[in-house]
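Coordinate analysis (summary)
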Amino acid sequence: MTSPLRKAAAGIVAAAFTLTVTGSTIAPASAADPGVSDTEIVLGGTHPYSGPASAYGNIGKGIGAYFSYINDKGGVNGRKIRYIDKDDGYSPPQAVQLVHQMVEQDKVFAIFDTLGTAVNTAIRPYLNQLGVPHMFVATGASTWGHDYQKFPWTIGWQPDYQAEAILYAQDVLQTNPKAKIGVLYQNDDYGEDYNAGLKRGLGKHSDMIVKMASYETSDPSVGSQISTLKASGADTFMIFATPKFAIQALVLAAQQSWHPKIYLNNVSNAIPYMNAAAKAGGQVAVNGVITTIYLKDPANHARYAGDAGMKLYNEIMTKYLPSADKDDGNYLYGVSIAYTMCDVLRRAGKDLTRKKVMDIATNLNERDNPWAYPGVVIRTSPNFRYPITQMIAAKWLGTDWSPSGLLVDTRSMSMAEK
């Protein structure tokens, strides 16, 4: 490929970690902010350990492993982190209940890495009203960046979904300007963000989209959607879906003998998912799929055989999550985002306040994250709240992702009016 591209309850199941780490209008903050003592920082978060996006629960486990590692090394600035991480089942109402509980009863200092666009949209007004840091949310929705003036206590981390989709659109225009595009997307703000980016990227050529099919997270299968997309005559397939449905889409397309050029959003490109699709649908289900990458790939053993960051990742996983599948990129995502959180806490110093943490988070220039793809810088400013804007294209070549071309910085795409 020659283009400039590559880039997750019913019950409250507490996967709570007690760990040690040191290291609208913004409401006033002080040294007496909740969740901070001379020896401890209390952070809260939610992940879908159950429900339709449960694959993403491994992100929370990765975060817990990294905090344990840091704690065992003495923490950050003499303080330990108690990480309260609970199962929201990918349900916004459940997440709202849990976050209220963590803020009002557990007295957390900040909410960190809650997962999902709908979940974070639901809890954002409450946290901003109270001036509770809503740190590095695990979703690439563009709103975290462009609505920062209304919600100054919220910040994202991973690449912007719209910018990612723009890259896919650019690739289509360059490699197949007469393409007929079919789109499978999740019927919520997450899916619509990708759709908006695709249309922005195609511009006056948006009529290349011949069919769009949505699914609900409660759907058992996307089989009917795949049939509809195939019948449309589409020869190019955009999958804007979470892992469960992305795997289904790849398998069902192959089983229905539909073999379009496939673009897969990066939140569902972990190698274990690709292997699951290949096992169920054969190699034809995954060969040549295109995605984007911004983190190192723990399953690409050959590429990262001598990499110091990957060696550290394997050591952390072996000690703190010995039974986990290290090849699952969700664990590495958790470890890498926890690194940034600890970096912010360390930079905030001993005089730790909520306001200071937000000031540090919005003035980042993190060039040493061990698990970022080589060359990726995690950077922000008070007026630019998209921490990761660099991605590289990758193609599935049978056993792993093969990066191609150069890193593309989507900073200007993220800054553009949406």
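Rules used throughout
- Residues numbered from 1 in each chain as written.
- Predicted model: local features only at pLDDT ≥ 70, side-chain atom pairs only at ≥ 80, totals over all residues.
- Heavy atoms only, no water.
- Helix = DSSP H or I, 4+ residues; strand = E, 2+ residues; numbered from the N terminus.
- Rg over C-alpha atoms; globule rule 2.2 N^0.38 Å.
- Buried < 20%, exposed > 50% of the residue type's maximum accessible area, 1.4 Å probe, protein only.
- Areas by Shrake-Rupley, 256 points an atom, 1.4 Å probe, with all protein chains shown as cover.
- Lys, Arg positive; Asp, Glu negative; His and termini not counted.
- Charge placed at Lys NZ, Arg CZ, Asp CG, Glu CD.
- Salt bridge = Lys/Arg side-chain N within 4 Å of Asp/Glu carboxyl O.
- Pairing = 2+ DSSP bridges.
- Phe/Tyr/Trp six-rings, centres within 6.5 Å; stacked < 30°, edge-to-face > 60°.
- Core = buried A, V, L, I, M, F, W, Y, C linked by side-chain atoms within 4.5 Å.
- Contact = heavy atoms within 4.5 Å.
- pLDDT = per-residue confidence, 0-100.
- Polar contact = N/O pair within 3.5 Å; in protein donor to acceptor, adjacent residues only side chain to side chain.
- Axes fitted to C-alpha atoms, helices over the stretch in contact; angles between N-to-C directions.
- Parallel < 35°, antiparallel > 145°, perpendicular 65-115°, else oblique.
- Nonpolar A, V, L, I, M, F, W, Y, C, P; charged D, E, K, R; others polar.

**Some remarks on the overall build of the protein chain**
Of the regular secondary structure elements, the protein chain holds 13 helices and 14 strands. Against the compact-globule benchmark of 22 Å for 418 residues, the protein chain has a radius of gyration of 20 Å, which places it among compact chains. Its C-alpha atoms give the protein chain principal-axis dimensions of about 65 × 45 × 40 Å. The buried share of the protein chain, reckoned over its 418 residues, is 60%. For the protein chain, the accessible area works out to roughly 15,000 Å², and carbon and sulfur atoms hold 50% of it. Within the protein chain, one finds 38 positive and 36 negative side-chain charges whose respective centroids are separated by 3 Å.

**A few points about the pattern of salt bridges**
Scanning the model with the defined rule gives ten salt bridges in all. The residue Arg346 makes a salt bridge to Asp343 at a minimum N-O spacing of 2.6 Å. One end of the pair is Arg346 and the other is Asp343, both in helix α11 (residues 329–348) and three residues apart, which spans about a single turn. Residue Arg346 is classed as partly exposed on the basis of its relative accessible area, which comes to 43%. For Asp351, the salt bridge identified is with Lys356, shortest N-O distance 3.9 Å. Residue class for Lys356 comes out partly exposed when judged on its relative accessible area of 27%. Through salt bridges with shared partners, a single network forms among Asp343, Arg346 and Arg347.

**Examining the pairing of strand β10 (residues 290–293)**
Here β10 shows a buried face lined by Ile290 and Thr292 and a second buried face lined by Thr291 and Ile293. Of the strand pairs in this sheet, β10 and strand β13 (residues 390–396) are connected by four bridges, and their pairing is antiparallel. Considered in β13, the bridge of Ile293 is made with Ile392.

**What about the packing of aromatic side chains?**
The final tally for this structure, using the stated rule, is 18 aromatic pairs. The interplanar angle of 90° and the centroid separation of 5.3 Å between the aromatic rings of Phe67 and Tyr83 together place this pair among those described as edge-to-face. Here Tyr83 lies in strand β3 (residues 80–87) and Phe67 lies in helix α1 (residues 57–72), a separation of 16 residues in the sequence. As far as the burial class goes, Phe67 and Tyr83 line up, both buried. Look at Phe384 and Tyr386: their rings are 5.2 Å apart centre to centre, the planes differ by 55°, and that puts the pair in the tilted class.

**With respect to unusual backbone geometry**
With phi around 55°, Asn77 is a residue other than glycine that occupies positive phi space. Mapped onto the elements of the fold, Asn77 is located in the loop between α1 and β3. By relative accessible area, Asn77 is classed as partly exposed at 25%. One non-glycine residue, Tyr90, lies in positive phi territory at about 65°. Positionally, Tyr90 belongs in the loop between β3 and α2 (92–104).

**Quick word on the nonpolar core**
Tyr66, Phe67, Met135, Phe136, Ile181 and Leu198 are the most contacted members of the largest nonpolar core, which totals 119 residues. Counting residues per element, this core draws most heavily on α11, which supplies twelve residues. Every residue in contact with Met135, bar those within four places of it in the chain, is listed here: Ala110, Ile111, Phe112, Asp113, Ile155, Met341, Val344, Val357, Met358 and Ala361. By size, the runner-up hydrophobic cluster in this structure holds 14 residues, among which are Ile84, Ala95, Val99 and Val108.

**Considerations on the environment of Val137**
With respect to the element layout, Val137 can be found in the loop between β5 (134–135) and α4 (143–146). For the pair Val137 and Gly116, spaced 21 residues apart in sequence, the C-alpha to C-alpha distance is 7.9 Å. Apart from the residues within four sequence positions on either side, Val137 is in contact with Asp113, Thr114, Asn120, Trp144, Thr154, Ile155, Gly156, Trp157 and Tyr333.

**Regarding the confidence of the model for the protein chain**
Overall, the prediction assigns the protein chain a mean pLDDT of 91, with 91% of residues at 70 or greater. In this model residues 1–31 is a low-confidence stretch, pLDDT under 50, and it forms 145 contacts with partners more than four residues away in sequence or in other chains.

**Considering the side chain of Gln158**
Within the secondary structure, Gln158 is located in the loop between α4 and α5 (161–175). A polar contact is formed between the side chain of Gln158 and the backbone nitrogen of Thr139, at a distance of 3.3 Å. There is a polar contact of 2.5 Å between the side chain of Gln158 and the side chain of Tyr333. Setting aside residues no more than four positions away along its own chain, Gln158 makes contact with Ala138, Thr139, Gly140, Val267, Tyr294, Tyr333 and Ile388.

**A word on the packing of helix α10 (residues 308–320) against α11**
The description of two packed helices rests on the angle between their axes and on the distance between the axes. For the pair α10 and α11, interaxial distance at closest approach is 11 Å and the crossing angle is 105°. Considering the angle they form, α10 stands roughly perpendicular to α11. Touching Met310, Tyr313 and Met317 of α10 are Tyr331, Leu332 and Val335, all from α11. Its residues assigned to classes, the contact of α10 with α11 comprises six nonpolar, no polar and no charged.

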